Amino acid sequence: MKRAFVTGVTGQDGAYLTRHLLDKGYRVFGGHRRTSTQNFWRLAQLGVEGHDNFSFIEHDLTDLGSNIRALTLAEPDEVYNLAGQSFVAVSFKEPTLTAQISAVGALQLLEAVRIVNPAIRVYQASSAEMFGKVQGMPQTEATPFYPRSPYGVAKLFGHWSAVNYRESYGIFASSGILFNHESPLRGAEFVTRKISLGAARIRLGLQDCLMLGNLDAKRDWGFAGEFVDGMWRMLQADEPDTFILATGVATTVREFATQCFAAADITLNWSGSGDDEVGRCSETGRPLVQVDPAFRRPSEVDLLLGSPARATQRLGWRPTTTVAQLSRMMVEADLVREDQGRRRAS
Ligand code: NDP
Ligand code: GDR
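Residues numbered from 1 in each chain as written. Chains lettered and ligands numbered in written order. Predicted model: local features only at pLDDT ≥ 70, side-chain atom pairs only at ≥ 80, totals over all residues.

## Describing the overall build of the protein
In terms of regular secondary structure, the protein is built from 11 helices and 15 strands. In summary, the protein has a C-alpha radius of gyration of 20 Å against a globular reference of 20 Å for 346 residues, a match within 12%. Expressed as lengths along the three principal axes of its C-alpha atoms, the size of the protein is roughly 65 × 50 × 40 Å. Put simply, of all contacts in the protein between residues at least 6 apart along the chain, 77% involve residues at least 24 apart. (Helix = DSSP H or I, 4+ residues; strand = E, 2+ residues; numbered from the N terminus. Rg over C-alpha atoms; globule rule 2.2 N^0.38 Å. Contact = placed C-beta atoms within 7 Å.)

Structure representation (structure tokens):
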């Protein structure tokens, strides 16, 4: 039975990846940090918590001793480093913390692997944010990096650390440059989930209006449940490498909102521009989406669009969920959850 250690197990990807590994017959150890309130809802929803082949390990990526301890306890064949301060907007407010976790933390885990057992295979969760002000279309593994946020800069350090440990010590460290991937388990602060939740709540009469930032930003959005399979495939390859996982289709925030509201049976009509742009209900004329400049970022990544060609050719990985299917899946899940919450409250 193969053994895996997954850092950041309580997050979106941690939950989906752990479910995927358990389904493949792995013994999985999930790293979670101590918090005042436990954050196991995703693991519970996917039937991970309580699974016979799953155990928690208390772990903080920023503590070298904690990394060494976790690897010593889990004795993994594979480590998936998903832990991180993953919200780009917060990285502008907490740049040092973001670097401590997502840059130095990633390095410390690699160092712990080198010390404990250099035969362990490592997946490093790198990000399309590293492309930032994009230097080529679509972005490939050869496109130069130009990060535009403390988050992107921190991820670039983690990415190059993985490459460096591969080249310096022969460690099987693969870096996955993942474009945005979403799901009903996405954190509510990210724009897709904020929109699906907002659309569901407005449909149910629980909210009047949704405030967003840059409606023109374009992202290559895929389904997280498919992307975790790409992570696993990277560690089954003959050689470690860097791979992009993306869908190859970019959509604006505005269009994603239009699709989510449509999934909630509301047609949006857009008018105005810049901070005065409004999405109105086609039937009532009521403003349902408005712009709040507070959600704009000091420096923005306007457009991300990735080519998954290398992952398709070498790993046989191919995403199939369209952004229309994704938005519908997210809105339907939020309609059910919000309706249940409303019933419980009444
Ligand atoms: P989430 O924000 O949902 O999950 C992040 C996880 O990291 C949580 O489990 C969190 O724990 C944990 N964590 C944060 N700080 C620490 C720390 N100091 N020590 C240990 N654990 C910590 O992110 P996702 O699941 O969406 O993403 C997984 C990884 O992939 C992240 O590194 C992210 O930056 C990267 N990524 C994500 C993409 C996406 O579109 N989702 C795209 C490209 C890269 P807690 O629950 O306690 O907060
Ligand atoms: P991103 O995701 O920054 O791409 O990082 P996010 O969903 O936060 O933003 C996507 C785009 O939408 C614009 N936007 C808003 N964003 C948020 N959060 N809230 C708003 O109200 C809003 N209005 C417009 C943003 O400006 C941006 O252009 C995600 C994370 O998962 C990272 O961890 C990961 O590395 C990258 O994707 C790839």
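Text resumes after the structure shown.
## Observations regarding the environment of Arg297
Positionally, Arg297 belongs in the loop between strand S15 (287-291) and helix H10 (309-315). Look at Arg297 and you get partly exposed, because 15 C-beta atoms sit within 10 Å. Measuring from C-alpha to C-alpha, the distance between Arg297 and Ala89 comes to 6.6 Å, with 208 residues separating the pair along the chain. What Arg297 contacts, discounting residues up to four positions off in sequence, is Ala89 and Phe92. (Buried ≥ 20, exposed ≤ 12 C-beta atoms within 10 Å, placed from the backbone.)

## What about the domain arrangement of the protein?
Domain annotation for the protein reports domain 1 (3-182 + 221-245) and domain 2 (191-219 + 251-301 + 322-345). On a C-alpha basis, the centres of domain 1 and domain 2 stand 29 Å from each other. With 10 residues of domain 1 at the contact, the number on the domain 2 side is 12 residues. Its residues assigned to classes, the side of domain 1 that touches domain 2 shows 4 nonpolar, 3 polar and 3 charged. (Domains from an automatic or database assignment. Nonpolar A, V, L, I, M, F, W, Y, C, P; charged D, E, K, R; others polar.)

## A word on the environment of Arg3
Along the chain, Arg3 turns up in strand S1 (residues 3-7). Arg3 has contacts with Tyr26, Arg27, Ala74, Glu75, Pro76 and Asp77, leaving out every residue within four places of it along the chain.

## Points about the sheet that holds strand S13 (residues 268-271)
Sheet architecture is open: 4 strands sit in the order S8-S15-S14-S13, paired in mixed fashion. Among the strands making up the open sheet, the edge pair consists of strand S8 (210-212) and S13. Strand-to-strand, the axes of this sheet are offset by a mean angle of 20 degrees, without reference to chain direction. As defined by bridge partners, S13 adjoins strand S14 (residues 278-281) across 4 bridges and the pair is classed as antiparallel. For Ser271, the partnering residue across the bridge sits in S14 and is Val278. Sitting on the sheet, helix H9 (residues 253-263) touches S8, S13, S14 and S15, and the angle it makes with S13 is about 155 degrees. (Pairing = 2+ DSSP bridges. Axes fitted to C-alpha atoms, helices over the stretch in contact; angles between N-to-C directions.)

## So, helix H8 (residues 224-236)
Here H8 spans 19 Å end to end across 13 residues, near enough to the 18 Å set by a 1.5 Å rise per residue. Three or more residues of H8 are buried, namely Ala224, Gly225, Phe227, Val228, Gly230, Met231, Met234 and Leu235. (Expected span 1.5 Å × (residues − 1).)

## Describing the site of ligand 2
Surrounding ligand 2, one finds 23 residues, the nearest of these being Val88, Ser127, Val191, Gly213 and Ala217. When contributions to the shell around ligand 2 are tallied by element, the ones reaching two or more residues are helix H4 (88-93) and helix H7 (191-203). Examining the composition of the shell around ligand 2, we find that 3 residues originate from one element, H7, more than from any other. The residue makeup of the shell around ligand 2, split by class, is 11 nonpolar, 6 polar and 6 charged. Counting contributing residues per domain, the shell around ligand 2 is built from domain 1 (3-182 + 221-245) and domain 2 (191-219 + 251-301 + 322-345), each supplying no fewer than three. (Near = placed C-beta within 6 Å.)

## Some details on the confidence of the model for the protein
On average, residues of the protein score 98 in pLDDT, and 100% of them reach the 70 mark or higher. As a predicted assembly, this complex carries a pTM of 0.98 together with an ipTM value of 0.99. (pLDDT = per-residue confidence, 0-100.)

## Some details on the packing of helix H3 (residues 64-74) against helix H5 (residues 95-116)
Remark: H3 packs on H5, axes separated minimally by 9 Å, with the N-to-C direction vectors making an angle of 50 degrees. Comparing their axes, H5 and H3 come out oblique. For H3 against H5, the interelement crossing comes out right-handed. Where H3 approaches H5, its residues Leu64, Asn67, Ile68, Leu71 and Thr72 are matched on the opposing element by Gln108, Leu109, Glu111, Ala112, Val113, Ile115 and Val116. The class makeup of the residues in the contact of H3 with H5 is 8 nonpolar, 3 polar and 1 charged. (Parallel < 35°, antiparallel > 145°, perpendicular 65-115°, else oblique. Left-handed = near helix turned anticlockwise from the far one by under 90°.)

## Observations regarding unusual backbone geometry
Pro138 follows Met137 through a cis peptide bond whose omega is -15 degrees. In this structure, Pro138 sits in the loop between strand S5 (121-127) and helix H6 (150-169). For Glu75, which is not glycine, the phi dihedral falls at a positive 45 degrees. On the secondary structure map, Glu75 appears in the loop between H3 and strand S4 (78-81). Since 13 C-beta atoms lie within 10 Å of it, Glu75 is described here as partly exposed.

## Quick word on the site of ligand 1
Of all residues adjacent to ligand 1, which total 28 residues, the nearest are Gly8, Gly11, Asp13, Ala83 and Gly84. Those elements giving two or more residues to the shell around ligand 1 turn out to be helix H1 (12-23), H5 and S5. Element by element, the count of residues in the shell around ligand 1 is highest for H1, at 3 residues. Taken together, the residues that form the shell around ligand 1 break down as 6 nonpolar, 19 polar and 3 charged.

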